Amino acid sequence: MVVKRVWVVAMGALILLAVFACSTKQTYVTIGTGGVTGIYYPTGGHIAKLVNKKRAVYGLRCTVESTGGSVFNINAVASGYLEFGIAQSDRQYQALYGLAEWADTGPIASLRAVFSIHPEAVTLVAADDAGIMTIDDLRGKRVNLGNPGSGQRQNALDALTASGLNWESDIHAEAVKADAAPTLLQDGRIDAFFYTVGHPSGNILEATAGRRRVRFIPIVGAGIDSLVIAKPYYARATISSRHYPRALNASDVPTFGVKATVVTSVDVPADIVYAVTKEVFDNLPAFKKLHPAYEHLTVATMREGLSAPLHEGALRYFREADLMEAR
Ligand code: GLU
């Protein structure tokens, strides 16, 4: 009799557990970011936190993955390995039209835009003792252009080519991840590196904080002027030297830049993309306080730099919140 009662209680507990498990069913979504010293990684974390706060509403469990950067993220979103990725606006354009890394594979028609975030500047950091004052001084130097998979690599190639340098024969090109570059520079194993990143960034702070003094090199000249005019995805930008008191620059540094954007695939359900969009935009004042690079974000700027069609989940939110024409 007692045995039977224990059995009934155990069965009841099991059923309750099963019901609980079903009612708290979660869908996992992952955001691909970049290196941990960049801004994509903490940005993914901030977005995930907002979405996870509403787990009871959406049933979403959002996680973040550190990755090789924009190109990796776009490919991972297209293959279904990641639900979301952060990617430079120029890489979004190139993937959509089958350019640069996608010239052989062709356009990624499944790519969808969600929103854009902070501006990113093509940043060239050089050691003072390497005697580099202009981009042309990179001749014969060891320069990290960035890993394949990163956004910055193509920007570095474009900057060099537009300035009349052959990246294969005029410089000693390295292809390491941006996270490793500040240490390599401080250790004297490279003379300079490119990184396309928002400011201020932990990576650049690290590069400027060591014993080897560094400066930002302006990326300017007739070739860069033509590049920015020719490519719809490039715009002029400046790096504000106030962010890096240890750098040797006395004034702001002219360069060109892009925007960080959030991308997804047409195959990701609209409810998921809607939830992510809504949580970021409904909480924009609080979100903007999470990183100084978000200082100038507005609902209008966050709709710029998107070449791929808007995902229907994002569109649903923007229509509902009456943000389609936001200025
Ligand atoms: N723009 C870089 C890339 O696309 C990443 C910058 C960052 O992580 O903040 O690879």
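Cut-offs and rules
- Residues numbered from 1 in each chain as written.
- Predicted model: local features only at pLDDT ≥ 70, side-chain atom pairs only at ≥ 80, totals over all residues.
- Heavy atoms only, no water.
- Near = heavy atom within 4 Å.
- Polar contact = N/O pair within 3.5 Å; in protein donor to acceptor, adjacent residues only side chain to side chain.
- 1 Å grid on protein atoms, 1.4 Å probe; cavity = no way out; pocket = protein on both sides within 12 Å on 5 of 7 lines; lining within 4 Å.
- Sits in = over half its atoms within 2 Å of the grid points.
- Helix = DSSP H or I, 4+ residues; strand = E, 2+ residues; numbered from the N terminus.
- Nonpolar A, V, L, I, M, F, W, Y, C, P; charged D, E, K, R; others polar.
- Buried < 20%, exposed > 50% of the residue type's maximum accessible area, 1.4 Å probe, protein only.
- Arc of directions from axis to C-beta.
- Contact = heavy atoms within 4.5 Å.
- Phe/Tyr/Trp six-rings, centres within 6.5 Å; stacked < 30°, edge-to-face > 60°.

### A look at the site of the ligand
Part 1 of the argument: In the region of the ligand, 13 residues are neighbours, and I39, S70, Q88, G151 and T196 sit closest.
Part 2 of the argument: I39 is positioned with one of its backbone polar atoms (N or O) 2.6 Å from an oxygen atom of the ligand.
Part 3 of the argument: A distance of 3.3 Å separates an oxygen atom of the ligand from a polar atom in the side chain of Q152.
Part 4 of the argument: With respect to the pocket detection grid, the ligand is positioned in the largest cavity.
Part 5 of the argument: Per-element accounting of the shell around the ligand gives the leading share, three residues, to strand β7 (residues 192–197).
Part 6 of the argument: Counted by class, the shell around the ligand contains four nonpolar, eight polar and one charged residues.

### A look at helix α9 (residues 222–230)
Part 1 of the argument: By the burial criterion, the buried members of α9 are I224, L227 and V228. Around the axis of α9, the buried residues are gathered within 95° of arc, so they sit on the same side. Opposite the packed face of α9, turned more than 90 degrees from it, sit the exposed residues A222, I229 and A230.
Part 2 of the argument: Buried residues along α9 sit against α6 (152–162), β9 (235–239) and β10 (253–265).

### Topic: the packing of aromatic side chains
Part 1 of the argument: For the structure shown, the criterion picks out 11 aromatic pairs.
Part 2 of the argument: With a centroid separation of 6.2 Å and an interplanar angle of 65°, the aromatic rings of Y274 and Y317 are classed as edge-to-face. Of this pair, Y274 sits in helix α10 (residues 270–282) while Y317 sits in helix α12 (residues 312–320), and the two are 43 residues apart along the sequence. Each member of the pair, Y274 as well as Y317, carries the same accessibility label: buried.
Part 3 of the argument: When the centroid spacing of 4.7 Å and the interplanar angle of 10° are considered together, the rings of F287 and Y294 count as stacked. Residue F287 shares its accessibility class with Y294, and that shared class is buried.
Part 4 of the argument: One aromatic cluster is present, formed by Y93, Y97, Y233, Y234 and F256 through successive ring pairs.

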